[in-house]
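# Analysis of the macromolecular model
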Amino acid sequence: MTDRTPSEGADVCIVGAGPAGALAAHRLAEEGHDVVILEAGERFDFEDRQRRMERAIRPAHGPLSVWEMGGERDRFSSAGEWFYPLNAARVKGVGGTTLHWQGMVMRFHEEDFASWPIDYDDLRPYYAEAERALGVAGAADNPYAPPRDEPYPLPAFPPSYSDSIFAEACERLGVTMHSVPNARNSEGYDDRSACVGYGTCKPVCPSGAKYSADHHVEKAEESGVRVVTRAPVQRLEHDDAGERVTAAVYATPDGETHRQAAREFVLAAGGVEIPRLLLLSKSEEYPDGLANSSGAVGRYFMDHLFAGSGGTLDTETRQNHVGFITSECHQFYDDPTRGTEGSAGGVPEWSGEKEEPKPDSIKLEFLNYAGPSPVEMALTGEEFGDDLLDTLREGYGNSIAMGGLVGQRPRKENRITLDSSTTDDHGNPVPEIHWRVDARTKSSLRRANEIQHRILDELGVDVSWTVGPESTGPAFHHMGTTRMGSNSEESVVNAQLRTHDLANLSVASSSVFRTSGALNPTLTIAALSLKMADHVDERL
Ligand SMILES: Cc1cc2nc3c(=O)[nH]c(=O)nc-3n(C[C@H](O)[C@H](O)[C@H](O)COP(=O)(O)OP(=O)(O)OC[C@H]3O[C@@H](n4cnc5c(N)ncnc54)[C@H](O)[C@@H]3O)c2cc1C
Ligand code: SF4
């Protein structure tokens, strides 16, 4: 029988086995500390991934069933102006949400840190370590990226065939395309295989070429870390003085409740469950929740939003051969209002009305999975034989599309609270998400669409769909809910990622981000987590 009783004499207790928790655990164990991870979800066998992929591509299974997301355990409420589909946005299990993620990993730009208590240079060595840990395939061909001292650990994936179609139009418009840093093996690396092109990266990579954090959980275990699975932490307890956390109280499948004591505690449970856990841990000393003397716990919730557009072209575009993106564009990141100049005239400057807020950063992507794949069409269609073949020939092969991300500014009213009217499988109030997309974000989305349409028009695409301000949704990057800051009256953690209120409680997560930027967050999460681990190590 699996032993889920607490570890004796633990130095560090980490809550959550996603990338933030796994990387911190591995580093702290390598430094000789006794580490235990409490993980709410289960461990998924690597050998099972082929079967999970098959489940992913069959219409009888919803995408959430692949990693058993949802159900009583994952109940939530969405109370904001915009519905937030939380269960599509995270995986609970060893490896966390990186089991399901896309794996695009870039460093934030220097300007993104303007209001943070640390700057790009503070994180620079940790970014390099994070790239080595995740095994990032990339090239230094992005003229807009922040400075770097070392090459990527793996060569970049070559641009796809449809990237080469885009390249001609972008050249004529003066738009720069460059490679995407991918946490995915372009060749064998760190005992994981090279990408073999299954094309199902999201939600599952059967070969293991796409990085997922279960890899670092295993490495951590080899260094002596103990992982207790199916052990959702219910609350944290503190000492009489209210200065130190004394135990993480967790439940186990047999109905027992245990108390894990440790010298240091790290919350790495993701951007929604971290504030929820702090709010659930309210006490006489902290009636508004633990580490919440600022009142900022749960507030400033941010996500990125998707902007995209596509259609068909009178030529073959070869989509869905790979399940990831090989080219993107950061040209409109630091100044989204800028125009470009090329032989065909270029992208015009932002055309916004006077009263419309100026757009924020935009990242553009050249998609490799526009339109349905033949497998999807065959499995969802009603036809057989020659009829099906005709439909496949007609419907596959000439789709093309662009995507992109825009961010949100931190707004106090966007927040995670507790909804006491609904409880999870342990009787705890569920997280309630208050999420609204404001006028500035809508401006950014409009601007992204404007640029995308210019490029697609130049290419001669018959545009049939656009996802913009009125029809978009979140990119599933939970940020801002335990923000970092030097002022304890308006932030939850300091520059060392330690909570202002409790001397031995740290946070490893995008929940500490002060701003969202418009770049995928996980490399920055990984870099911050390694930095946080160094500070915990110094204290132990
Ligand atoms: C569809 C999709 C695509 C994405 N693509 C990208 C991408 O291309 N690039 C990128 O940078 N990011 C991407 N992301 C986001 C990325 O997956 C997350 O940023 C990253 O996984 C966050 O890491 P984390 O360790 O902070 O949290 P998570 O990975 O969410 O891990 C948190 C862990 O904590 C556990 N936990 C939660 N509550 C408790 C509790 N009370 N007790 C114990 N354990 C608990 C959970 O079970 C989970 O295993 C994507 C996400 C999704 C959903
Ligand atoms: S295409 Fe995606 S799913 Fe297939 S091997 Fe490469 S990374 Fe894995």
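Higher on the page you've got the structure.
Reference entry: report on the structure contained in this document. (Residues numbered from 1 in each chain as written. Chains lettered and ligands numbered in written order. Predicted model: local features only at pLDDT ≥ 70, side-chain atom pairs only at ≥ 80, totals over all residues. Heavy atoms only, no water.)

### Observations concerning the side chain of Gln260
Here Gln260 is to be found in strand 10 (residues 257-261). The exposure class of Gln260 is buried, given its relative accessible area of 0%. At 2.8 Å, the side chain of Gln260 forms a polar contact with the backbone nitrogen of Ser7. Once you skip the residues sitting within four places of it in the chain, Gln260 turns out to touch Pro6, Ser7, Ala10, Cys13, Val36, Leu38, Thr246, Ala247, Ala248, Tyr250 and Phe265. (Helix = DSSP H or I, 4+ residues; strand = E, 2+ residues; numbered from the N terminus. Buried < 20%, exposed > 50% of the residue type's maximum accessible area, 1.4 Å probe, protein only. Polar contact = N/O pair within 3.5 Å; in protein donor to acceptor, adjacent residues only side chain to side chain. Contact = heavy atoms within 4.5 Å.)

### Quick word on a negative patch on the surface
Judged by side-chain charge, Glu110, Glu111, Asp119, Asp122, Asp334, Asp335 and Glu349 come together as a negatively charged surface patch. Its location among the elements puts Asp122 in helix 3 (residues 120-134). (Patch = residues over 30% accessible without salt bridge, like charges linked within 9 Å, V, L, I, M, F, W, Y side chains within 5 Å. Areas by Shrake-Rupley, 256 points an atom, 1.4 Å probe, with all protein chains shown as cover. Salt bridge = Lys/Arg side-chain N within 4 Å of Asp/Glu carboxyl O. Lys, Arg positive; Asp, Glu negative; His and termini not counted. Charge placed at Lys NZ, Arg CZ, Asp CG, Glu CD.)

### Quick word on the sheet that holds strand 17 (residues 415-423)
Taking strand neighbours across the sheet as the criterion, the 3 strands line up as 3-18-17 in an open arrangement whose pairing is mixed. Each edge of the open sheet is held by one strand with a lone partner, namely strand 3 (77-78) and strand 17. Relative to strand 18 (residues 429-434), strand 17 runs antiparallel, the two sharing 6 bridges. Directly across from Leu418, in strand 18, lies its bridge partner Pro431. (Pairing = 2+ DSSP bridges.)

### A few points about the packing of aromatic side chains
This model, assessed by the stated rule, comprises 14 aromatic pairs. The structure contains a cluster of three or more aromatic residues connected by ring pairs, namely Phe108, Phe113, Trp116, Tyr120, Tyr127 and Phe513. Directly above the aromatic system of Tyr152 lies the positively charged group of Arg148, at a separation of 3.7 Å from the ring centroid. Against the face of Tyr300 rests Arg483, its NZ or CZ located 3.7 Å from the ring centre. (Phe/Tyr/Trp six-rings, centres within 6.5 Å; stacked < 30°, edge-to-face > 60°. Lys NZ or Arg CZ within 6 Å of the ring centre and 35° of its normal.)

### Thoughts on the sheet that holds strand 2 (residues 35-38)
The strand order across the open sheet built from 5 strands is 7-2-1-11-20, with neighbouring strands paired in parallel fashion. Two strands bound the open sheet, and with one partner strand each, they are strand 7 (226-228) and strand 20 (505-507). Strand-to-strand twist in this sheet, taken as the mean axis angle between neighbours without regard to direction, amounts to 20°. Two elements, strand 11 (residues 264-267) and strand 20, share 3 bridges in a ladder whose sense is parallel. Its bridge partner being in strand 20, Leu267 is matched across the sheet by Val507. (Axes fitted to C-alpha atoms, helices over the stretch in contact; angles between N-to-C directions.)

### Things to note about the site of ligand 2
Taken together, Arg184, Cys195, Val196, Gly197, Tyr198, Gly199, Thr200, Cys201, Cys205, Ser207 and Lys210 make up all the residues around ligand 2. Split into classes, the residues belonging to the shell around ligand 2 amount to 5 nonpolar, 4 polar and 2 charged. (Near = heavy atom within 4 Å. Nonpolar A, V, L, I, M, F, W, Y, C, P; charged D, E, K, R; others polar.)

### Some details on empty space enclosed by the protein
Scanning the model with the defined rule gives 1 cavity of 30 Å³ or more in all. One number sums up the size of the largest cavity: a volume of about 90 Å³. Lining the largest cavity are 17 residues, with Cys195, Tyr198, Gly199, Cys201 and Cys205 sitting closest to its centre. Of the residues that constitute the lining of the largest cavity, the class distribution is 10 nonpolar, 5 polar and 2 charged. (1 Å grid on protein atoms, 1.4 Å probe; cavity = no way out; pocket = protein on both sides within 12 Å on 5 of 7 lines; lining within 4 Å. Points joined across faces, edges and corners; volume = space filled by probe spheres on them.)

### Quick look at the layout of surface pockets
In this model, the second largest pocket occupies a volume close to 390 Å³. Asp112, Asp360, Ser361, Arg409 and Gly517 are, among the 20 residues lining the second largest pocket, the residues nearest its centre. A per-class count over the lining of the second largest pocket returns 6 nonpolar, 7 polar and 7 charged.

### A few points about the site of ligand 1
In the vicinity of ligand 1 lie 36 residues, with Glu39, Thr97, Met104, Val233 and Thr522 positioned nearest. Note that a nitrogen atom of ligand 1 is positioned 3.0 Å from one of the backbone N or O atoms of Ala40. Met104 places a main-chain nitrogen or oxygen 2.8 Å from a nitrogen atom of ligand 1. Calculation on ligand 1 without its partners gives an accessible area of 990 Å², and the protein chains cover 94% of this total. Listed by contribution, the elements that provide at least two residues to the shell around ligand 1 are helix 1 (19-30), helix 6 (270-280) and helix 10 (522-539). Grouping the amino acids of the shell around ligand 1 by side-chain chemistry returns 19 nonpolar, 13 polar and 4 charged.

### Notes on the pattern of salt bridges
What the rule picks out here adds up to 39 salt bridges. Residue Asp121 is joined to Arg124 by a salt bridge in which the shortest nitrogen-to-oxygen separation is 3.2 Å. Residue Asp121 and its partner Arg124 are both found in helix 3; the two are separated by 3 residues, about one turn of the helix. Here the salt bridges do not stand alone but share partners, grouping Arg73, Asp74, Arg90, Lys92, Glu273, Arg276 and Asp424 into one network.

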